[in-house]
Every structure is written in structure tokens, then in C-alpha cells.
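One letter stands for each residue in the lines below.
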Amino acid sequence: LRLASGIAARVDTVRGLLSSTRTSVGRLRADFALSAAVAALRADLAAVGAALEEPRGTVGRLRHDERLVREIARARAEVEALSDDIRRNPARYLRP
């Protein structure tokens, strides 16, 4: 979560520098602040990519653990079926 908020802050910094009247994409190499912000953002995105490849993290487990993916899909289907049944038979779920 901390990494995601850091990335969001860096994206905002880059966006601000790009929209500034004193900065342009063509001057990227000449503008140290923008260049540094882009480099930091690139490093953060590379770290996120590496974390996604790691099978021990939460998102990595979703990518690498087929059993977990099947369980989540089954749970989603059960919730969807329950939701459909509530729409079709609301009285079944309401107390008189």
C-alpha cells in the first residue's frame, strides 16, 4: 500500500511537471526535476512489476496459485447465484 501511494505521488509530480508552462516533453533531458521524477516513477513501476512476479505476495499468489484462482471464481459464482436468488425471491430473505 505504501508503494502504491508513493507511485501515485510520483505520477502526480510528473503530471504537474508536464503540464507546467516551464516544462515540455521535448525538454525532458534538460529539466532535471522532471527527469528525476520520471526515473523515480520508472523505478517504482519496475518494483511493482517484480512484486507481481513474486509468487509469495498476495497478487503474486493470484497469478501463480491455480487452486486459489479457482476458489475465488467459485466464491464469486456463489455470491452471484445468491444475488440472483435474492432478486427472484426477496421474501425468502426478509423477516415478516
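Just so you know, the residues in each chain are numbered from 1, in the order the chain's sequence is written. Side-chain atom pairs in this predicted model are given and counted only at pLDDT of 80 or more, local residue features only at pLDDT of at least 70, and totals for whole chains, interfaces and linings cover all residues. With hydrogens and water stripped out, all remaining heavy atoms of the structure feed into the side-chain values.

**As for the overall build of the chain**
- A count of helical and extended segments in the chain gives four helices and zero strands.
- Listing every helix and strand of the chain by position from the N terminus yields α-α-α-α.
- Among the 96 residues that make up the chain, the fraction classed as buried is 14%.
- Each accessible area value is a Shrake-Rupley result obtained with a 1.4 Å probe; residue values ignore everything except the protein chains displayed when judging cover. Surface summary for the chain: the accessible area is close to 7800 Å², and the carbon and sulfur share equals 59%. Think of it this way: any DSSP run of H or I at least four residues long counts as a helix, any run of E at least two long counts as a strand, and we number them from the N terminus. Relative accessibility under 20% of the residue-type maximum defines a buried residue, over 50% an exposed one, and the middle range a partly exposed one, all with a 1.4 Å probe and only protein chains included.

**Here's the deal with a nonpolar patch on the surface**
- Among the surface-exposed residues, Leu62, Val69 and Ile72 lie close enough to one another that they form a single nonpolar patch of about 220 Å² accessible area.
- Along the polypeptide, Leu62 turns up in helix H3 (residues 58-64).
- Judged by its relative accessible area of 37%, Leu62 is partly exposed. Exposure above 30% relative accessible area and the lack of any salt bridge qualify a residue for a patch; like charges then connect within 9 Å, and the nonpolar side chains Val, Leu, Ile, Met, Phe, Trp and Tyr within 5 Å. Counted as salt bridges are all cases of a side-chain nitrogen of Lys or Arg within 4 Å of a carboxyl oxygen of Asp or Glu.

**Some points on the environment of Asp44**
- Positionally, Asp44 belongs in helix H2 (residues 32-53).
- Asp44 sits in the buried class, given a relative accessible area of 13%.
- Remark: the alpha-carbon pair of Asp44 and Gly6, spanning 38 residues in sequence, is separated by 8.1 Å.

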